[in-house]
There are 2 protein chains.
Amino acid sequence: MKKDTVLVVGSVAIDDVETPFGKRVGAVGGSAIYFSMACSFFTKVCVVGIAGTDFPRDTIHALNERNVDTKGLVIQEGKTFRWGGKYHDNINFRDTLYTELGLFEKFDPKLPEEYRTVPFVFLANIQPSLQLKVLNEVASPRFVACDTMNLWIDTAHDELLKLLGRVNMLLINDFELYDLTGEYNLIKGLEKVHDLGPEYVVIKKGENGAYLSSKGRLFFSPAYPVRKPVDPTGAGDSFAGGLFGFLATTGRINFRTLKKALIYGSVFGSICVEDFSINNLLKADHNLVEKRYRFLRNLVSLL
Amino acid sequence: MKKDTVLVVGSVAIDDVETPFGKRVGAVGGSAIYFSMACSFFTKVCVVGIAGTDFPRDTIHALNERNVDTKGLVIQEGKTFRWGGKYHDNINFRDTLYTELGLFEKFDPKLPEEYRTVPFVFLANIQPSLQLKVLNEVASPRFVACDTMNLWIDTAHDELLKLLGRVNMLLINDFELYDLTGEYNLIKGLEKVHDLGPEYVVIKKGENGAYLSSKGRLFFSPAYPVRKPVDPTGAGDSFAGGLFGFLATTGRINFRTLKKALIYGSVFGSICVEDFSINNLLKADHNLVEKRYRFLRNLVSLL
């Protein structure tokens, strides 16, 4: 494996989404898909996941064309994980209408042999036991990050704690920070998360930006102010993909490179929300990404 | 009047406040008081307001000692405006328990003769008709800013619009932006506010920082991450006071000086919330203010 290759394990989904700007039935989604789309902008990505025969072949082809290795994405007879959600007029809030696990219920991730030497590992939001299983199959990863959600914080707490003891970085949103630590306060919450293991912690706050924390140091990136957020689904996973992809290509992992990575995360989060599903990520090019990066630097510059 | 003197008109209050960190009955408050405390850190402030004989003399003395001219603060027989509020465990949310207008009900602001030549005018959150009346009494102000609230947006809309056509800057929070424009989206909301008149608009988002907007240019300052916010009452007014005080002393009003002013606003907002009432503002010194300013610059620096 090349030294900047990224492995991601996560959900592969078909989503039915309604937002104030429209409705999409059967749209491609899932944390592993959004992450791969963003991350592959920077580097090669190996995906581990499961989907049914109902998952669009076009998306697999689009991923392959973008330097995403899908050997670890198992396609089986049956239904892909399906999620239905509806966003409020204030698009920062949503209701989950249903989740149908389908094949995802018996997901038992196995790594293709050549994936075992991958240096960068991102464990997207799935059961902590599965995140641990994948992590155990990688020989000696250089940098491991994970996401999680309220469900696992509540129902798989012990396994989540085991996982947090083994990752270099945790990415969660501010609601999950509260669920995990019982703290509404950012500073106190961060201290408690670091005590659980991760040297680096990223707190995603959607349109309110993101914090990066490590050893008492703190960095903040505002969100790119999107004029028309159409569908926030996958924004957090796209954020993680942009962040992790940039990090993998830098060759150096420290607070300074992670700051830049955080800004690239914000860029990809903003690109994701401007259309349904992965549509806008498919269109993102170098110019757009660099223009938004510069905008975000300018947004906080005194010059 | 010296060329960096600031006039503020606003409420002078006695507050009964309960937060997760304690309770204070009969604490000094009001927008004009918080504003003056912060603003006087930088420059001379003239206060226009009304209070009853129950308002603590100590506070008047403390203000006078800090370069605040209280000739325009009328003390009459009767009760000071009283506000009771209770904050939730998530201290970003609160319920107003009661408001007793007292003397504030018949508040008819009149400017002492020497106030009429003041160059900087801040119209804190009171009825737009009173804000207009005060503005009309100032001969030729150099820079005028105002705050407002949902109540006036709903009940005094026409007068508020008249006012907005005459101010250089509007400072509101993100909820008020929605009430004023019907837009949850920041960019679209800002466009609509600029169309109402103000060249500069500041959107205060509490712990999520603040935006400064002018002619398509945008600047953002994160909030100072307070470890223990004890009482958020007055944070927005302290923010405005710090911002306006710094601006008045610069001598130059442009987007660049306003950026720095926005950061000083964030500094004073954070100082305010670390204790009940004006207690922590009373303690703030040059070292603390500059330390927090540097922290906020560092928080977004790639170096």
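Undergrad: Is there a simple way to think about the sheet that holds strand S8 (residues 94-100) of chain B in this case?
TA: Sheets are built from strands that pair by backbone hydrogen bonding, the pairs being arranged parallel or antiparallel. Residue and element names in this part refer to chain B. If you walk across this open sheet you meet the four strands as S3-S2-S7-S8, and the pairing is mixed. Every other strand in the sheet has two partners, leaving strand S3 (22-29) and S8 as the edge strands with one partner each. Adjacent strand axes in the sheet meet at a mean angle of 15°, parallel and antiparallel pairs treated alike. Relative to strand S7 (residues 81-87), strand S2 (residues 13-19) runs parallel, the two being bridged by six bridges. Opposite Ile 14, over in S7, you have Arg 82 as the bridge partner.

Undergrad: How do you make sense of the packing of helix H3 (residues 128-137) of chain B against helix H5 (residues 157-164) of chain B when you look at a structure like this?
TA: All names here are of chain B. Close contact between H3 and H5 brings their axes to 8 Å; oriented N to C, the two are set at 30°. Crossing of H3 over H5 shows left-handed handedness. Contacts between H3 and H5 involve Pro 128, Ser 129, Gln 131 and Leu 132 from the former and Glu 159, Leu 160, Lys 162 and Leu 163 from the latter. Split into classes, the residues belonging to the contact of H3 with H5 amount to four nonpolar, two polar and two charged.

Undergrad: Teacher, can you tell me more about the relation of the copies chain B and chain A here?
TA: One copy of the chain maps onto the second through a rotation around an axis plus a translation along that axis. Note on the copies: chain B fits chain A at an RMSD of 0.0 Å, the axial shift is 0.0 Å, and the rotation between them is 180°. The two molecules are tied by a two-fold rotation axis, judged by turn and shift. Relative to the rotation axis, the closest C-alpha in chain B is found at B:Asn208, a distance of 3.0 Å. Of all interface residues in chain B, 100% are interface residues in chain A too; the two copies therefore contact each other through one and the same surface.

Undergrad: Is there a simple way to explain the pairing of S2(B) in this structure?
TA: Residues in a regular strand project their side chains so that they alternate between the two faces of the sheet. Residues and elements named next belong to chain B. Along S2, five of the seven residues are buried, which leaves the element largely enclosed by surrounding structure. Inspection of the sheet shows S2 paired to S3 by six bridges, in the antiparallel sense. Of the residues in S3, the one forming a bridge with Ala 13 is Gly 29. Linkage of S2 to S3, two consecutive antiparallel strands, is achieved through a turn of two residues.

Undergrad: Just to check I follow, could you spell out the environment of B:Arg142 for this structure?
TA: Residue and element names in this part refer to chain B. Relative to the assigned elements, Arg 142 resides in the loop between H3 and strand S10 (143-147). Measuring from C-alpha to C-alpha, the distance between Arg 142 and Lys 3 comes to 9.2 Å, with 139 residues separating the pair along the chain. Here Arg 142 is in contact with Pro 119 and Phe 120, once residues within four sequence places are set aside.

Undergrad: Help me understand the nonpolar core in this model?
TA: By size, the foremost hydrophobic cluster in this structure holds 196 residues, and its most contacted members are A:Val8 and B:Val8. Once residues within four sequence positions are removed from consideration, B:Val8 is found in contact with B:Ala32, B:Phe35, B:Ser36, B:Cys39, B:Val45, B:Val47, B:Val48, B:Phe122 and B:Ala124.

Undergrad: Any chance you could explain the sheet that holds strand S8 (residues 94-100) of chain A here in plain terms?
TA: Residues and elements named next belong to chain A. Pairing within the open sheet is mixed, and its four strands lie in the order S3-S2-S7-S8. The open sheet is flanked by strand S3 (22-29) and S8, the only strands paired with a single partner. Taken over all neighbouring pairs, the strand axes of this sheet differ in orientation by 15° on average, direction set aside. Looking at chain direction, strand S7 (residues 81-87) and S8 are connected through six bridges and run antiparallel. When the sheet's bridge partners are listed, Trp 83 is paired in S8 with Thr 99.

Undergrad: Please explain the packing of helix H8 (residues 235-250) of chain B against helix H9 (residues 255-272) of chain B as it appears in this structure.
TA: When two helices pack together, their arrangement is captured by the angle between the axes and the distance separating the axes. Residue and element names in this part refer to chain B. Where H8 contacts H9, the axes come no closer than 7 Å and their chain directions differ by 145°. By crossing handedness, the relation of H8 to H9 is classed as right-handed. Considered class by class, the residues forming the contact of H8 with H9 number 14 nonpolar, eight polar and one charged.

Undergrad: Could you clarify how one ought to interpret the interface of chain B and chain A in this entry?
TA: For interface size, the figure often reported is the accessible area lost on association. Facing the 20 residues of chain B at the interface are 20 residues of chain A. Where the side of chain B that touches chain A is concerned, the elements lending two or more residues are helix H7 (186-195), strand S14 (217-221) and H9 of chain B. Looking at the side of chain B that touches chain A residue by residue, the classes come out as twelve nonpolar, three polar and five charged.

Undergrad: For this particular structure, what's the right way to read the pairing of strand S9 (residues 120-123) of chain B?
TA: All names here are of chain B. Where burial is concerned, the two faces of S9 agree: the one with Phe 120 and Phe 122 and the one with Val 121 and Leu 123 are both buried. Pairing between strand S1 (residues 6-9) and S9: four bridges, direction parallel. Within S9, the residue paired with Val 9 across the bridge is Leu 123. Note that S9 and S10 share four bridges and pair parallel. Looking at S10, one finds that Val 121 is bridged to Val 144. Crossover connection from S9 via H3 to parallel S10: handedness right-handed.

Undergrad: Please clarify how helix H1 (residues 31-39) of chain B should be interpreted in this entry.
TA: What sets the pattern is the α-helix's 3.6 residues per turn: residues three or four places apart point alike. Most of H1(B) sits out of view: nine of its nine residues are buried. For H1(B), every residue scored as buried is listed here: B:Ser31, B:Ala32, B:Ile33, B:Tyr34, B:Phe35, B:Ser36, B:Met37, B:Ala38 and B:Cys39.

Undergrad: So what exactly am I meant to see when it comes to unusual backbone geometry here?
TA: With the exception of glycine, the majority of residues adopt a negative phi angle, and the majority of peptide bonds are in the trans configuration. Residues and elements named next belong to chain A. Even without being a glycine, Asn 67 presents a positive backbone phi close to 75°. Mapped onto the elements of the fold, Asn 67 is located in the loop between helix H2 (57-65) and strand S5 (68-69). Residue class for Asn 67 comes out partly exposed when judged on the 15 C-beta atoms lying within 10 Å of it. Of note in the backbone geometry, Lys 215 takes a positive phi value of approximately 45° without being a glycine. C-beta crowding within 10 Å serves as the criterion here: with 8 such atoms nearby, Lys 215 is assigned to the exposed category.

The rules behind each value
- Residues numbered from 1 in each chain as written.
- Chains lettered and ligands numbered in written order.
- Predicted model: local features only at pLDDT ≥ 70, side-chain atom pairs only at ≥ 80, totals over all residues.
- Pairing = 2+ DSSP bridges.
- Helix = DSSP H or I, 4+ residues; strand = E, 2+ residues; numbered from the N terminus.
- Axes fitted to C-alpha atoms, helices over the stretch in contact; angles between N-to-C directions.
- Left-handed = near helix turned anticlockwise from the far one by under 90°.
- Contact = placed C-beta atoms within 7 Å.
- Nonpolar A, V, L, I, M, F, W, Y, C, P; charged D, E, K, R; others polar.
- Least-squares fit on C-alpha atoms with pLDDT ≥ 70 in both.
- Buried ≥ 20, exposed ≤ 12 C-beta atoms within 10 Å, placed from the backbone.
- Core = buried A, V, L, I, M, F, W, Y, C linked by C-beta atoms within 7 Å.
- Right-handed = clockwise from strand over helix to strand, strands pointing away.

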